[in-house]
Amino acid sequence: MEDFDEIIELPFNGETIQYGIVNGSNTIVFIKAGANGSMYGYENKYLQIARNINKSHGYTVICSSNPDYNRENPLNQAIELIANYAETNNFNDYEILYMGHSDGAALAARYGHIYPKIKKMLLINSPIFFNWHKLKDGMKQFKGEQAIFIYGDLDPSYKYAEMLSLIGNERIKYEIIQGADHHFKGKLDEFINLPYQFLL
């Protein structure tokens, strides 16, 4: 499989965040890995998603690692990187489709509403009870087109997914995937297909 077209490394809070870019159009899919996850993902799943989306839709895809950063919001850096990328490529207008897994999903649930360029979000197995009040407050303020939470019925947060209905934002929906655990073990193909089902 081809590697990313470009890799950018930026310092963040004593760590380094890597961004892998597959060049495409002014629709930008941004993928944030889970805690301590790489921009490639297990068995290159994020690179594979990026290449598939670029081939099928022509979109730009940017995949981000997620090192331990002491709970500060790393999305400001990512959104600035995307804005610089758009300017460099003469995208007068652009939109962001966000995909995150676990902590990568929780970050967008808390902070995604801050960034108006984020049109849609696909949030996979975002922990619900860890900082529930921040998730709830963030999603209450989300004004994009749609935010879809995905939970495997073997994920620890699955039993609390109905709490998302209490947020009171009609843009928020959730779906349950049968037989999937937190990391979609044994269901890699199904994980790779999620953006086609729920984001693009």
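Look above for the structure.
Residues numbered from 1 in each chain as written. Predicted model: local features only at pLDDT ≥ 70, side-chain atom pairs only at ≥ 80, totals over all residues. Heavy atoms only, no water.

K.L.:
Tell me about the packing of aromatic side chains, and name the residues and values.
P.N.:
In this structure the tally under the stated criterion is 7 aromatic pairs. With centroids separated by 5.2 Å and ring planes inclined at 50°, the aromatic side chains of F4 and Y40 adopt a geometry described as tilted. Taken together, the residues F4 in the segment before β1 (6–12) and Y40 in the loop between β3 (25–32) and α1 (45–57) connect sequence positions 36 residues apart. On the basis of relative accessible area, Y40 is assigned to the partly exposed category, the value being 22%. Counting every residue linked through ring pairs, the aromatic cluster contains Y46, F184 and F191. Sitting over the ring of F191, K45 keeps its end group 4.2 Å from the ring centre. (Phe/Tyr/Trp six-rings, centres within 6.5 Å; stacked < 30°, edge-to-face > 60°. Helix = DSSP H or I, 4+ residues; strand = E, 2+ residues; numbered from the N terminus. Buried < 20%, exposed > 50% of the residue type's maximum accessible area, 1.4 Å probe, protein only. Lys NZ or Arg CZ within 6 Å of the ring centre and 35° of its normal.)

K.L.:
Can you tell me about the pairing of strand β4 (residues 59–64), naming the residues and giving the values?
P.N.:
Among the 6 residues in β4, 6 count as buried, and that is most of the element. Side chains Y59, V61 and C63 of β4 all project onto a buried face; the interleaved residues T60, I62 and S64 project onto the opposite face, where all are buried too. Across 4 bridges, the pairing between strand β2 (residues 15–22) and β4 is antiparallel. Paired with V22 across the bridge in β4 is V61. Pairing between β3 and β4: 6 bridges, direction parallel. What sits directly across from I28, in β4, is T60. Note that the unit made of β3, α1 and β4 has a crossover that is right-handed. (Pairing = 2+ DSSP bridges. Right-handed = clockwise from strand over helix to strand, strands pointing away.)

K.L.:
Let's hear about the sheet that holds β3: which residues, and what values?
P.N.:
With respect to topology, 8 strands assemble into an open sheet ordered β1-β2-β4-β3-β5-β6-β7-β8, the strand pairing being mixed. Of all the strands in the sheet, just β1 and β8 (172–177) have a single pairing partner and so form its edges. Ignoring strand direction, the axes of neighbouring strands in this sheet form an average angle of 20°. Along the sheet face, helix α4 (residues 132–140) touches β6 (118–124), β7 (146–152) and β8 and points at about 145° away from the line of β7. Strand contacts of helix α5 (residues 188–198): β5 (95–101), β6, β7 and β8, with the helix running at about 145° to β6, the strand carrying the most contacts. (Axes fitted to C-alpha atoms, helices over the stretch in contact; angles between N-to-C directions. Contact = heavy atoms within 4.5 Å.)

K.L.:
Lay out the environment of L75 in plain terms, naming residues and giving numbers.
P.N.:
For L75, the location among the structural elements is in helix α2 (residues 75–88). Residues L75 and K32, 43 residues apart in the sequence, show an inter-C-alpha distance of 9.3 Å. Excluding anything up to four places from it in sequence, L75 contacts F30, Y98, L107, A108, Y111 and Y115.

K.L.:
I'd like a description of α1, backed by residues and values.
P.N.:
Taking 1.5 Å per residue as the helical rise, α1 with its 13 residues ought to reach 18 Å, and the 18 Å between its terminal C-alpha atoms agrees with that figure. Contacts made by the buried residues of α1 are with β2, β3, β4, β5 and α5. Just downstream of α1 lies G58, where phi reads positive at about 80°. (Expected span 1.5 Å × (residues − 1).)

K.L.:
How would you summarise α4 if you had to cite specific residues and measurements?
P.N.:
Along an α-helix, residues three or four apart share an orientation, since each turn contains 3.6 residues. Within the sequence span of α4, burial applies to W132, L135, G138 and M139. With its buried residues spanning 135° around the axis, α4 presents them on a single face. Buried residues belonging to α4 abut α3 (103–111), β6, β7 and β8. (Arc of directions from axis to C-beta.)

K.L.:
Quick one: what's the story with the packing of α1 against α5, residue by residue and with numbers?
P.N.:
Viewed as axis vectors pointing N to C, α1 and α5 meet at an angle of 40°, and their least axial separation amounts to 10 Å. The orientation of α1 with respect to α5, classified from their angle, is oblique. Both α1 and α5 take part in a crossing whose hand is right-handed. In this structure, α1 uses K45, Y46, Q48, I49, N52, I53, S56 and H57 to contact α5, whose residues at the interface are L188, F191, I192, P195 and Y196. (Parallel < 35°, antiparallel > 145°, perpendicular 65-115°, else oblique. Left-handed = near helix turned anticlockwise from the far one by under 90°.)

K.L.:
With reference to specific residues and values, describe the nonpolar core.
P.N.:
One recurring pattern in soluble globular proteins is that nonpolar side chains are buried together. By size, the foremost hydrophobic cluster in this structure holds 39 residues, and its most contacted members are F30, Y98, M121, L123, M139 and F149. Contributions of two or more residues to this core are made by β2, β3, α2, β5, α3, β6, α4 and β7. Setting aside residues up to four positions removed in sequence, Y98 forms contacts with F30, K32, L75, G104, L107, A108, I118, K120, M121, L122, L123 and L199. In this structure, V29, A50, I177 and F198 belong to the second largest nonpolar core, which totals 28 residues. (Core = buried A, V, L, I, M, F, W, Y, C linked by side-chain atoms within 4.5 Å.)

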